[in-house]
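# Descriptive analysis of the structure
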Amino acid sequence: MTGAGEVDDDEPAEGVPASGWRAAARDGRVWAILAVVAFLLVCCCSAAGTLLALSAGLLAV
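Residues numbered from 1 in each chain as written. Predicted model: local features only at pLDDT ≥ 70, side-chain atom pairs only at ≥ 80, totals over all residues. Heavy atoms only, no water.

### Focus on the overall build of the chain
As a reminder, the rule being used: Segments assigned H or I by DSSP are reported as helices when at least four residues long, segments assigned E as strands when at least two residues long, and all are numbered from the N terminus. Partly exposed residues are those whose accessible area sits between 20% and 50% of the maximum for their type, while under 20% is buried and over 50% is exposed, using a 1.4 Å probe and protein chains only. With residues, only the protein chains shown are counted as cover, and all accessible areas are computed by Shrake-Rupley using a 1.4 Å probe.
Looking only at helices and strands, one finds two helices and zero strands in the chain. Counting only residues that meet the buried cut, the chain has 2% of its 61 residues in that class. Accessible area of the chain: about 5700 Å², with a carbon and sulfur share of 67%.

### Some points on the pattern of salt bridges
We apply this condition: Salt bridge, as used here: a side-chain nitrogen of Lys or Arg that lies within 4 Å of a carboxyl oxygen of Asp or Glu.
Going through the model one piece at a time under the given rule, you end up with one salt bridge. D27 serves as the salt-bridge partner of R29, at 2.9 Å between the closest nitrogen and oxygen. The exposure class assigned to D27 is partly exposed, which follows from its relative accessible area of 24%.

### A word on the state of the cysteines
In protein structure, a disulfide is the covalent linkage between the sulfur atoms of two cysteines. As a reminder, the rule being used: To count as a disulfide, a pair of cysteine sulfur atoms needs to be within 2.5 Å.
Within this structure, the stated rule accounts for zero disulfides. No disulfide involves C43; its sulfur sits 6.9 Å from the nearest other cysteine sulfur, which is in C44. For C43, a relative accessible area of 33% gives the class partly exposed.

Dropping the structure here:
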């Protein structure tokens, strides 16, 4: 219950940018970094899987 003079913690103060997950989700740079990390992870895992399959003789070259 918010009475007179109390501050609601859910809203950012005037002139102060919102922080946290919501603000990060609105930032395009965060999504770009996540996309690059996901791309590198997929590439590394697929390369490792291919090398493992080749060494096990599962793929004939």
